[in-house]
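Chain by chain, the residues:
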Amino acid sequence: MSSTVVASYPRSAKRAAAARLRAQGHTVLGADLAGSDIDADLSTPEGRAQLVDRAREPTAGRLDAVIASAGRHLFDPQTVKVNYFGAVATLEGLCPLLAAGTDPRAVVISPVTAIHPHDPAIADAALACDEAAATAAAEAALQRGEGHAIYGSSKNALARWVRRTAPTADWAGAGIPLNAIAPGTVLTPTTDPMLATPGVREVVDPVIPMPLHGHAAAEQVAPLLDFLTSPENTHVTGQIVFVDGGADATLRGDAAW
């Protein structure tokens, strides 16, 4: 059976994916700030290196899957540090362990908000691997009263990184599919009370419209993570796979075709 690192682990969709994988007999290692199998702060270079170092011993230097799902949704430059630089460092750092594994696969989380209007200064600096400039751009957005753009910009950059990176020699050339999933609104202990607040659903639903079955439960997202990290996935790579109840199709129509 395979070994999988899920970072960050406690979030509902990731917890559901971990439970699904464990039920199939896989070994799953969770990574988060504290209280997980691997404790590491992905907002710092030291924490990112710590995650990779601590993943080597329990996996004997080989991994079969990585779900890089660490994320923050704060009006704060830390959001870019975790969502983009933390996720990319996780994948790049664990890539050699994946290359040593059996049928290795990797997935990141880049929600449908990545297609919303974003701040090019944040996204472009991230893609240029300039963490200082990306952080400064996020701080500038915050000072302009546009802190809401930081999250989507970090995820926009991450989705573009997946598209750029997946076909390269280190990934496709090594037989490692690399994809992203783009959930819409997922029902969690955090979003449930928020959506129950008067007026909030009227704001959220037009921004992330989900005509097919409405908001998703975490257990409805987990099967897609399962497939993309399974040996059955032989040719899907470099894709942003929307599991959004039709939000992307509603917002962008056929503009991408």
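Shown above is the structure to which this text applies.
Note that the structure is predicted; figures quoted are calculated from it, not measured.

Analysis parameters
Residues numbered from 1 in each chain as written. Predicted model: local features only at pLDDT ≥ 70, side-chain atom pairs only at ≥ 80, totals over all residues. Heavy atoms only, no water. Helix = DSSP H or I, 4+ residues; strand = E, 2+ residues; numbered from the N terminus. Buried < 20%, exposed > 50% of the residue type's maximum accessible area, 1.4 Å probe, protein only. Contact = heavy atoms within 4.5 Å. Areas by Shrake-Rupley, 256 points an atom, 1.4 Å probe, with all protein chains shown as cover. Core = buried A, V, L, I, M, F, W, Y, C linked by side-chain atoms within 4.5 Å. Polar contact = N/O pair within 3.5 Å; in protein donor to acceptor, adjacent residues only side chain to side chain. Axes fitted to C-alpha atoms, helices over the stretch in contact; angles between N-to-C directions. Parallel < 35°, antiparallel > 145°, perpendicular 65-115°, else oblique. Nonpolar A, V, L, I, M, F, W, Y, C, P; charged D, E, K, R; others polar.

Draft legend 1. Just the overall build of the chain, in detail. The number of helices and strands found in the chain is 10 helices and nine strands. Residues classed as buried in the chain amount to 53% of the 257 residues present. Pairs at least 24 residues apart make up 75% of the contacts formed inside the chain by residues separated by at least 6 positions. Carbon and sulfur atoms make up 57% of the accessible area of the chain, which amounts to about 11400 Å² in all.

Draft legend 2. Local environment of the nonpolar core. Counting residues in hydrophobic clusters, the biggest one holds 43 residues, and the most contacted among them are Leu-51, Tyr-84, Leu-91, Leu-94, Trp-161, Trp-171 and Leu-178. For this core, the elements supplying multiple residues, two or more each, are helix H2 (45-59), strand S4 (65-68), helix H3 (78-99), strand S5 (105-109), helix H4 (120-127), helix H5 (131-143), helix H6 (149-165) and strand S6 (178-183). The greatest single-element share of this core, amounting to 11 residues, is contributed by H3. Every residue in contact with Trp-171, bar those within four places of it in the chain, is listed here: Leu-91, Cys-95, Leu-98, Ala-106, Thr-165, Ala-166, Ile-176 and Leu-178.

Draft legend 3. How the structure looks around the environment of Arg-144. Checked against the element boundaries, Arg-144 lands in the loop between H5 and H6. Given a relative accessible area of 47%, Arg-144 falls into the partly exposed group. Among the polar contacts made by the side chain of Arg-144, one reaches the side chain of Glu-146 at a distance of 3.0 Å.

Draft legend 4. Molecular detail of the packing of H4 against H5. Look at H4 against H5: their axes get within 8 Å of each other, and the N-to-C directions meet at 170 degrees. Between H4 and H5, the crossing angle belongs to the class labelled roughly antiparallel. For the pair H4 and H5, the contacting residues are Ala-121, Ile-122, Ala-125 and Ala-126 in the first and Ala-133, Ala-134, Ala-137, Ala-138 and Ala-141 in the second. Taken together, the residues of the contact of H4 with H5 break down into nine nonpolar, no polar and no charged.

Draft legend 5. Broad picture of the environment of Pro-223. Note on placement: Pro-223 falls in helix H9 (residues 218-228). Along the primary structure Pro-223 and Pro-198 are separated by 25 residues, whereas in three dimensions their C-alpha atoms are 32 Å apart.

Draft legend 6. Just the side chain of Thr-90, in detail. As for its placement among the helices and strands, Thr-90 is situated in helix H3. Judged by its relative accessible area of 2%, Thr-90 falls in the buried class. A distance of 2.8 Å separates the side chain of Thr-90 from the backbone oxygen of Gly-86, its partner in a polar contact. The residues touching Thr-90, leaving out its near neighbours within four places in the chain, are Leu-42, Leu-51, Val-66 and Ala-68.

Draft legend 7. Spotlight on unusual backbone geometry. In this structure, Asp-103 is a non-glycine residue whose phi angle is positive, near 50 degrees. Tracing the sequence through the fold places Asp-103 in the loop between H3 and S5. According to the relative accessible area criterion, Asp-103 is partly exposed, its value standing at 39%. The phi dihedral of His-213 is positive, around 65 degrees, even though this residue is not glycine. Along the chain, the position of His-213 falls in the loop between helix H8 (200-207) and strand S8 (216-217). Taking relative accessible area as the criterion, His-213 reaches 72% and is therefore assigned exposed.

Geometric values such as these leave the question of function open.
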